[in-house]
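Survey of secondary and tertiary structure
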Amino acid sequence: GAGVSQTPSNKVTEKGKYVELRCDPISGHTALYWYRQSLGQGPEFLIYFQGTGAADDSGLPNDRFFAVRPEGSVSTLKIQRTERGDSAVYLCASSFYRGSATFGSGTRLTVV
Amino acid sequence: AQTVTQSQPEMSVQEAETVTLSCTYDTSESDYYLFWYKQPPSRQMILVIRQEAYKQQNATENRFSVNFQKAAKSFSLKISDSQLGDAAMYFCACAGGTSYGKLTFGQGTILTVHP
């Protein structure tokens, strides 16, 4: 596609529930990144894929967070047993290898 | 590892005037890139300008330019002839090593443009 697409745009879930956030990168971009942005803060790195494999998952806060990219294109960020502290905007970005990242518009997750 | 600091939470400028946003950084990488991203209310991070650390010449993109002081680890953004559409949150960011999309962001500066 023309840009990075993230769905849903907004998600409200109850504490303890499981959620999946989807990212469609720009066609041909081999690298894909997930970030989390809390209110009034800069984005924080979560995980980076090069192709299908997670090249760097050092930013995932705990084992409730998991991400996959099974075919090297679309990626899903999965959050188990959501907590109110998980409320944030989750941003996805993609790039060519060693290229600048292009971001999507994010998914605003609200845990109530 | 990188750290990025933006010491100006808010800045304002009159339309058509010039404004400079400050940023300092620290990194252990010898090869790194510096970026300024703009984030309007739509939430999408938009790349404004990029500077390769090995280049001495300051990057320029139309009305946007940087002052890159490598020894001082300073990377400021100058916006000339400010327009109402420039109003947004601006983030300074650093990426090092081989992954230039793995960014460390500063806290951001909210820029207001007055007509």
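1. Re the overall build of chain A
When helices and strands are tallied, chain A shows zero helices and eleven strands. Counted from the first residue to the last, chain A has its helices and strands arranged as β-β-β-β-β-β-β-β-β-β-β. Relative to the compact-globule value of 13 Å for 112 residues, chain A shows a C-alpha radius of gyration of 13 Å, a close match. Taking the principal axes of the C-alpha coordinates as reference, chain A spans close to 35 × 25 × 25 Å. In chain A, the share of contacts with a sequence separation of at least 24, taken over all contacts with a separation of at least 6, comes to 52%. Split by element, the accessible area of chain A, about 5,200 Å² in all, is 48% carbon and sulfur. Side-chain charges of chain A comprise 12 positive and 10 negative groups, with the mean position of each set lying 4 Å from the other.

2. Brief notes about the pattern of salt bridges
Within this structure, the stated rule accounts for eight salt bridges over all chains. A salt bridge links A:Arg22 to A:Asp24; the shortest N-O distance between them is 2.8 Å. For B:Asp86, the salt bridge identified is with B:Arg63, shortest N-O distance 2.8 Å. With B:Asp86 in the loop between strand 9 (74-79) and strand 10 (88-96) and B:Arg63 in the loop between strand 7 (60-61) and strand 8 (64-69), this pair connects stretches of sequence that are 23 residues apart. Across this residue pair, the class does not change: B:Asp86 and B:Arg63 are buried.

3. A word on the pairing of strand 4 (residues 31-37) of chain A
Side-chain positions along a regular strand alternate between the two faces of the sheet. Residues and elements named next belong to chain A. Among the seven residues that make up strand 4, seven are buried, leaving the element largely enclosed by the rest of the structure. Residues Ala-31, Tyr-33, Tyr-35 and Gln-37 line one face of strand 4 and the alternating positions Leu-32, Trp-34 and Arg-36 line the opposite face, and both faces are buried. In terms of strand pairing, strand 4 meets strand 5 (residues 44-50) through six bridges, oriented antiparallel. Across the sheet, residue Arg-36 finds its bridge partner in strand 5, namely Glu-44. Hairpin connection from strand 4 to strand 5: six residues lie between these consecutive antiparallel strands, with Gly-40 at a positive phi of about 80°.

4. Section: the packing of aromatic side chains
The geometry of an aromatic ring pair comes down to the distance between the two centres and the angle between the two planes. Residues and elements named next belong to chain B. In this structure the tally under the stated criterion is 13 aromatic pairs over all chains. With a centroid separation of 6.3 Å and an interplanar angle of 20°, the aromatic rings of Trp-36 and Phe-75 are classed as stacked. Of the two residues, Trp-36 sits in strand 5 (residues 32-39) while Phe-75 sits in strand 9, which places them 39 residues apart along the sequence. Overall, Trp-36 belongs to the buried group, its relative accessible area being 0%.

What counts and what doesn't
- Residues numbered from 1 in each chain as written.
- Chains lettered and ligands numbered in written order.
- Predicted model: local features only at pLDDT ≥ 70, side-chain atom pairs only at ≥ 80, totals over all residues.
- Heavy atoms only, no water.
- Helix = DSSP H or I, 4+ residues; strand = E, 2+ residues; numbered from the N terminus.
- Rg over C-alpha atoms; globule rule 2.2 N^0.38 Å.
- Contact = heavy atoms within 4.5 Å.
- Areas by Shrake-Rupley, 256 points an atom, 1.4 Å probe, with all protein chains shown as cover.
- Lys, Arg positive; Asp, Glu negative; His and termini not counted.
- Charge placed at Lys NZ, Arg CZ, Asp CG, Glu CD.
- Salt bridge = Lys/Arg side-chain N within 4 Å of Asp/Glu carboxyl O.
- Buried < 20%, exposed > 50% of the residue type's maximum accessible area, 1.4 Å probe, protein only.
- Pairing = 2+ DSSP bridges.
- Phe/Tyr/Trp six-rings, centres within 6.5 Å; stacked < 30°, edge-to-face > 60°.

Any functional reading would require information beyond the geometric quantities listed.
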